[in-house]
Protein chains: 6
Amino acid sequence: METATDTQIRPSKRMPADMRPVRLERGVSKHAEGSCLVRFGDTHVLCTASLDSGVPPWLRGAGKGWVTAEYGMLPRATNERMRRESTAGKQSGRTQEIQRLIGRSLRAVVDLKALGERQIVVDCDVIQADGGTRTAAITGGWVALRDCIEWMMARQILQTSPLIDHVAAISAGIYRETPVLDLDYVEDSAAETDSNFVMTGSGGIVEIQGTAEGAPFSEAEFGQLMGLARDGIARLVELQKLAIS
Amino acid sequence: METATDTQIRPSKRMPADMRPVRLERGVSKHAEGSCLVRFGDTHVLCTASLDSGVPPWLRGAGKGWVTAEYGMLPRATNERMRRESTAGKQSGRTQEIQRLIGRSLRAVVDLKALGERQIVVDCDVIQADGGTRTAAITGGWVALRDCIEWMMARQILQTSPLIDHVAAISAGIYRETPVLDLDYVEDSAAETDSNFVMTGSGGIVEIQGTAEGAPFSEAEFGQLMGLARDGIARLVELQKLAIS
Amino acid sequence: METATDTQIRPSKRMPADMRPVRLERGVSKHAEGSCLVRFGDTHVLCTASLDSGVPPWLRGAGKGWVTAEYGMLPRATNERMRRESTAGKQSGRTQEIQRLIGRSLRAVVDLKALGERQIVVDCDVIQADGGTRTAAITGGWVALRDCIEWMMARQILQTSPLIDHVAAISAGIYRETPVLDLDYVEDSAAETDSNFVMTGSGGIVEIQGTAEGAPFSEAEFGQLMGLARDGIARLVELQKLAIS
Amino acid sequence: METATDTQIRPSKRMPADMRPVRLERGVSKHAEGSCLVRFGDTHVLCTASLDSGVPPWLRGAGKGWVTAEYGMLPRATNERMRRESTAGKQSGRTQEIQRLIGRSLRAVVDLKALGERQIVVDCDVIQADGGTRTAAITGGWVALRDCIEWMMARQILQTSPLIDHVAAISAGIYRETPVLDLDYVEDSAAETDSNFVMTGSGGIVEIQGTAEGAPFSEAEFGQLMGLARDGIARLVELQKLAIS
Amino acid sequence: METATDTQIRPSKRMPADMRPVRLERGVSKHAEGSCLVRFGDTHVLCTASLDSGVPPWLRGAGKGWVTAEYGMLPRATNERMRRESTAGKQSGRTQEIQRLIGRSLRAVVDLKALGERQIVVDCDVIQADGGTRTAAITGGWVALRDCIEWMMARQILQTSPLIDHVAAISAGIYRETPVLDLDYVEDSAAETDSNFVMTGSGGIVEIQGTAEGAPFSEAEFGQLMGLARDGIARLVELQKLAIS
Amino acid sequence: METATDTQIRPSKRMPADMRPVRLERGVSKHAEGSCLVRFGDTHVLCTASLDSGVPPWLRGAGKGWVTAEYGMLPRATNERMRRESTAGKQSGRTQEIQRLIGRSLRAVVDLKALGERQIVVDCDVIQADGGTRTAAITGGWVALRDCIEWMMARQILQTSPLIDHVAAISAGIYRETPVLDLDYVEDSAAETDSNFVMTGSGGIVEIQGTAEGAPFSEAEFGQLMGLARDGIARLVELQKLAIS
């Protein structure tokens, strides 16, 4: 039977279309205007949203705001201790790539004009990593961003919410020839194809990234990954709704 | 009629499925083992492939080689002069993201074991930019890489070629509600959706990147972009074959 | 009555000689050889101890090991978001000063010869800050270090423990003319004198740092601060013993 | 007899409570508003005080001034040539720690409101090092600062002096089980305990730093070091008075 | 006969007083206000002149403009691939020395007051190197600068040209005991003396740099080099005139 | 009469061919193998020569040694305090240009083969600046280098001296239309032409640098400057001989 076989494929015994347990814990920071500790299984990311009264220089006087993200990893979030980026003197290419993705994803669901000349900075710091840190960061970052906006509305800084929709993200890949959802580190390291999908609550696609780690993949395979992701993101949006209710 | 309308959509008067004129000029560098000046219309990228006798530290003794890429832009390759990255003291996130993409794309068609413990560095320097610099760099970078490998075979450094296939790349996006191929700078700045596709000569997908610049896009729209890209890359591979024949 | 007055001095209503509630949570990291989430009230520091097979270059061949510490703060650990040190390109003087102090304090209770040619790196990352992050880091860092050593002994990497004693730290200062123990952020900002004490389980002094923030202080005042700290550290050592039992 | 024994303890033949010969030479710089070449034996530090018309950004409009210090060492000030910090691209943690200490010490005796919105930068550059560079820098830095303030008063930039008191510093440590004052490099390298004291002319304590280099020390031992330092600083203040008279 | 001998001296078979073929190609950049691809034999430098509306901070309000230059080399412009300066994190001393020389040379023929409060940045990027890159950059940089000024005059940004004269540069050296003009890489590497001369169209000297690579040289030898350079620069100025006519 | 006029030209009342008082003080550093505090009037440069047992990586196994120089300025060596290069994070172009010049000049009089696989680092730190710091550094650097070599010979590290000749340097320029020797800061700032000459004890030219600060200069003028410099350097070499005798 297919089920029996499938549970033998993934090291975690998950079924191909199963996500890891997801937990969105709000209000975890005493200081931040919005915060969320998001867990995708053993991947834990602390997301804080900070209201900044100014906007980046290139946006001054443009009558609109900005949402940006920064991403970091504690040195021992991973199995091998990594060098601290502050001692390396710069952020790695990977770090920059991820934080640019998070920022773009969050901006896709914010009406920047309605935000006014203000900036919200969403910091996503990986406390513990087990694959999928960027997708967890986007999913939890949205919750922190939303709570920051609620905080602003409660203080009459904003009259109406500039938040247009939910946004969430999940990975999907081909692992041992099977399309699977939400890869953990062990799967990620061995996957033939790895992709990340960012979608809104209404199902629109915000970002697609697909990479052949080994052999190139086909359009049909990519279609399967997108199908898995679509369903996974719908579930993540449900969990976001639950978390903020 | 549709055709009449279509030619009015793109500032360049190109039809939606038209690429810009592509030119692949080989042997442009006196010093490099392989080189190619690639032009996608007004986008000009100088690609050189350099044979390096060693491999990166983390690959030493692993019995395989490496192909990596570096990307740069002359300060006045763009309409507004940009700050030189050497004076800024670091590469921007965008630069790192692009050079990581080029490197992954080229490695996808090289048998690293067959390369032996050697590294080939493909430098892609944008002499003039008009949109699509990363896709031009991948397409021209493959030609430089191929000529470097030919150079090695001619000198008996390699007995058989580790090159498995062609690889080429093109952008596609939704511009004024129409899916179009190979966006130039003007289109790129205004496109609702921007995506880049990297595929092999045999049609396998190596990398997909799709980003909603404005509103999210649908799976159907993405399918159209992929279709345009598939045909465009097939033509680029033909041009590569012509260039090396 | 003195008590009535005293409880009115500190914003937190604590008595002068009262520490904040301290919590030492072990085993919080899936990956690290030793870990401890230490809380001094609202100050939360995640400490991980990582075993590194090599020693710093200047110690190679010296037949002894090394214990070092790194310190960091999440950008929104504080009330005002701070710039990420990785984007600033370097660690601040304050960061370096603190991590040097933590490292010296931990080394004071380790027999480096008995450790052998290995290094243990203790990372102390402030998740949330409310004053006293360096003292919390030393106190929790010791627990992480101890668990790392236990881990090594369980795997026969070490036969006998190189850990000589406990080490813990606490601040004391003069706030509104009263010597108080374990200053929180509000007190720290307004204190006339601020000092940090690091002592061992057997009461030996490892490090003393006293700074006049306003007017200079007297030897008598300093003696009072040392008395408060001595008692506080004795209690912290008790809590460490409880935590590891 | 004790004296006979004591002179055999210190490599320099100094008695435990003896400082090295101290020399404070004023007006050594043609350009600086105040300057002092301070010598503690073979430790020579050139201190210059520079008046800067502005204050740091975070102090603008606060109606008060600032005194800050920078510390450096010539590459061959030490026995082994050190790498120049300008080629290393950053200041070491040690350098930053020391210059922060010097700045705090000097600010402790300046009425920053009375200084007005101006900054004085005291540069302390070690020409030759033989232990105790930070204490020499504070002691000589005060002289340079004082002369800078005199310079300002002579030019009517200030009507009354914002200088409240003298400040000077000395080290004390436990060397071969004996508390000794003003350690030179040979003693410093072998001392069990090393401490630095900064005090004002009226005997108030500005900063205390005590570190166990080997075994932890006791409160009684620390009391002895403080006693030595108190007397030493009183003598340094006398020398400052002599120098400026 | 002397001629027969002379042609045997230089690897390129050039006569001692012969320059390499020089080509000045204008208008090579779609974006820049002025541009020139200059070739001295196999040395190819792309020069672009960019009009910047502001001046450097230290010149603000001074009622005059500025001309500055930046210099770079593509990593594989040379026989051995060089590390990209953007990844090294800084410009080398050689790079800075050359760009300072180019800037000084160009400013020598511009009336900065007549330019007004504007800056022109001349970027000189070496596409391919074979010795003499700095002299080619000055010679071609002048053409780019001149075209930028023409562009400004055509747009009424300037009423009269602030360009006072031509400026061009050439190297001369002693190679195998013979004074020769315009050294290529092979000669440069082996020359006993290497010098660069920058002169104006009217024959005035702007810059002289002479370096003994091996044994010191005499005044008489230096006079011979200056004579060669004088004639060479006169020819380069003729070529500039031809190029802009 | 000419003399009367001439003494009115230079602010220092020096005659055109007069140098400032020169003083070469040896053995000023307790630690360095060779040292010299050189004074050209109010320009004071501390030169130390340090023996390094290794050579730069690119010279390993080449059977020869290396002499290199580093140059720095104390922040308040100048009239306006300059930013410390260690806090700027890099050496300026000017610093690098000067230290490269000093290194080349000293190497010109050392037989690197005879030095063996060792490096001598000559640090030249400007304590006080009043024009001509690079020429003072070369002149004093030679004395430090010579004493380092004597130190090595005294310890049998070298049997014969690899020092071939003296080397010294001086500036000459056109100030108020008059060729003058050894410009101080006031003259340097206003000079029409500024040049530096480096020559050996036997009169050979090692380096010539001439720059038109205002209008271009003629060959005849340059000849006059060279004449002044030739005489000045002869005198400096005499002073070096006196200093080491």
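Position labels on residues start from 1 in each chain and follow its written sequence. Naming scheme: in the order in which they are written, chains are lettered from A and ligands are numbered from 1. Local features in this predicted model are restricted to residues of pLDDT 70 or higher, and side-chain atom pairs are both shown and tallied only at a pLDDT of 80 or more, whereas totals for entire chains, interfaces and linings draw on every residue. Just so you know, side-chain values use all the structure's heavy atoms and leave hydrogens and water out.

- An unreviewed UniProt entry lists chain A under the name Ribonuclease PH, with Bauldia litoralis as the source organism.
- Its UniProt record, at the heading Sequence similarities (unreviewed entry), says of chain A: "Belongs to the RNase PH family."
- The UniProt entry for chain A carries this comment under Subunit (unreviewed entry): "Homohexameric ring arranged as a trimer of dimers." UniProt positions are given in the numbering used here, feature names are shortened, and annotations may be inferred rather than shown by experiment.

**Topic: the sheet that holds strand β2 (residues 34-40) of chain C**
Residues and elements named next belong to chain C.
Inference 1: With mixed pairing, the 5 strands of this open sheet are ordered in space as β1-β2-β3-β5-β4. Every other strand in the sheet has two partners, leaving β1 (22-26) and β4 (66-73) as the edge strands with one partner each. On average, each strand axis in the sheet is inclined to that of its neighbour by 20°, with strand direction left out of account.
Inference 2: Following DSSP output, two strands are said to pair if at least two bridges run between them. For the purposes of this entry, the term helix denotes a DSSP run of H or I that reaches at least four residues, the term strand denotes a run of E that reaches at least two, and both are numbered from the N terminus. Inspection of the sheet shows β4 paired to strand β5 (residues 119-128) by 8 bridges, in the parallel sense. From the neighbouring strand, T68 faces β5, where its bridge partner is V121.
Inference 3: Across the face of the sheet, helix α3 (residues 93-107) comes into contact with β4 and β5 while running at roughly 145° to β4.
Inference 4: Contacts between residues were defined by any pair of non-hydrogen atoms, one from each residue, lying within 4.5 Å. In this analysis an axis means a line fitted to C-alpha atoms, helices contributing only their contacting stretch, and an angle means the value between N-to-C directions, from 0 to 180 degrees. The strands touched by helix α5 (residues 133-154) within the sheet are β1, β2, β3 (43-52), β4 and β5, with β3 carrying the most contacts at an inclination of about 35°.

**Some points on the UniProt feature "domain: Exoribonuclease phosphorolytic" (unreviewed entry) in chain A**
All names here are of chain A.
Inference 1: UniProt annotation of "domain: Exoribonuclease phosphorolytic" (unreviewed entry) refers to residues 18-148 and 167-231 when read in the numbering used here.
Inference 2: Secondary structure content for residues 18-148 is 30% helix and 31% strand, and the end C-alpha separation is 31 Å.
Inference 3: Secondary structure across residues 167-231 divides into 29% helix and 45% strand, with the first and last C-alpha atoms of the span separated by 14 Å.

**Some points on the relation of the copies chain D and chain F**
Inference 1: The fit set for superposing copies consists of C-alpha atoms from residues with pLDDT of at least 70 in both; the fit itself is least squares. With an RMSD of 0.0 Å, the fit of chain D onto chain F corresponds to turning through 180° and sliding 0.0 Å along the axis. Each copy turns onto its partner about a two-fold axis.
Inference 2: Here 97% of the contact residues of chain D are again contact residues in chain F; the copies associate through an equivalent surface.

**Some words on the UniProt feature "binding site: phosphate" (unreviewed entry) in chain A**
Residue and element names in this part refer to chain A.
Inference 1: In the numbering used here, UniProt assigns the "binding site: phosphate" (unreviewed entry) feature to R94, G132, T133 and R134. Despite a sequence span of 41 residues, these residues sit close together in the fold, their greatest C-alpha distance being 13.3 Å.
Inference 2: Position of G132 relative to the elements: it lies in the loop between β5 (119-128) and α5 (133-154).
Inference 3: With near-sequence residues (within four places) excluded, G132 lies in contact with R20, T43 and L183.
Inference 4: Non-local contacts of R134, meaning those with residues more than four positions away in its chain, are made with I98, L101, N196 and Q209.

**Some points on the sheet that holds strand β7 (residues 178-181) of chain E**
Inference 1: Pairing is antiparallel across the open sheet formed by 8 strands, whose spatial order is β7(E)-β6(E)-β8(E)-β9(E)-β9(F)-β8(F)-β6(F)-β7(F). Two strands lie at the open edges of the sheet, namely β7 of chain E together with β7 (178-181) of chain F, each paired on one side alone. The average angle at which neighbouring strand axes cross in this sheet is 15°, direction not considered.
Inference 2: Pairing analysis gives 7 bridges linking strand β8 (residues 193-200) of chain E to strand β9 (residues 205-212) of chain E, with the strands arranged antiparallel. Looking at the pairing, N196(E) lines up with Q209(E) of β9(E).
Inference 3: Packed onto the sheet, helix α3 (residues 93-107) of chain E meets β6 (167-175), β8 and β9 of chain E together with β9 (205-212) of chain F and runs at close to 150° relative to β9(E).
Inference 4: Sheet contacts for helix α5 (residues 133-154) of chain F: β6 (167-175), β8 (193-200) and β9 of chain F; angle to β6(F), the most-contacted strand, approximately 165°.

**Observations concerning the interface of chain D and chain F**
Inference 1: Counting residues at the interface gives 37 residues for chain D and 36 residues for chain F.
Inference 2: Buried surface at the junction of chain D and chain F, both sides included, amounts to about 2600 Å², of which 47% is carbon and sulfur.
Inference 3: Among the residues chain D hides against chain F, the three largest losses belong to H31(D), R76(D) and R84(D). Together they make up 27% of the total.
Inference 4: Between Lys or Arg on one side and Asp or Glu on the other, a salt bridge is scored when a side-chain nitrogen of the former is within 4 Å of a carboxyl oxygen of the latter. Here chain D and chain F share 14 salt bridges between them. What gets called buried area is simply the loss in accessible area from a 1.4 Å probe that two parts show on being joined, summed for both.

**Considerations on helix α5 (residues 133-154) of chain D**
The periodicity of an α-helix, 3.6 residues per turn, causes residues three or four positions apart to be oriented the same way.
Inference 1: Here α5(D) is 22 residues long and its end C-alpha atoms lie 31 Å apart, about the 32 Å a rise of 1.5 Å per residue gives.
Inference 2: In the stretch just after α5(D), Q156(D) is the one whose phi turns positive, near 65°. Here a helix's expected span is defined as the number of its residues, less one, multiplied by 1.5 Å.

**Some remarks on the packing of aromatic side chains**
Inference 1: The aromatic pairing rule takes the rings of Phe, Tyr and Trp, using the six-membered ring of Trp, and pairs them if the centres are within 6.5 Å, calling planes under 30 degrees apart stacked, those over 60 edge-to-face and the rest tilted. Evaluation of the coordinates by the stated rule reveals 21 aromatic pairs over all chains.
Inference 2: An angle of 25° between the planes, with centres 5.9 Å apart, marks the rings of F217(A) and F222(A) as stacked. Note on accessibility: F217(A) and F222(A) belong to one class, buried.
Inference 3: When the centroid spacing of 4.8 Å and the interplanar angle of 85° are considered together, the rings of W58(B) and W66(B) count as edge-to-face.
Inference 4: What links up through ring pairs into an aromatic cluster is the set F197(A), F217(A), F222(A), F197(B), F217(B) and F222(B). Note on classification: 1.4 Å probe, protein chains only; a residue is buried when its accessible area is under 20% of the maximum for its type, exposed when over 50%, partly exposed between these limits.

**Quick notes on the environment of V186(D)**
Inference 1: Of note, V186(D) is situated in helix α6 (residues 185-190).
Inference 2: Apart from the residues lying within four places of it in its own chain, the contact partners of V186(D) are P11(D) and Y175(D).

**Some details on the pairing of strand β3 (residues 43-52) of chain D**
Residues and elements named next belong to chain D.
Inference 1: Along β3, 8 of the 10 residues are buried, which leaves the element largely enclosed by surrounding structure.
Inference 2: Two strands pair when backbone bridges link them, and strand β2 (residues 34-40) and β3 are joined in this way by 7 bridges, in the antiparallel orientation. Note on β3: the bridge partner recorded for G34 is A49.
Inference 3: The pairing of β3 with strand β5 (residues 119-128) spans 9 bridges and is classified as antiparallel. Directly across from C47, in β5, lies its bridge partner C124.

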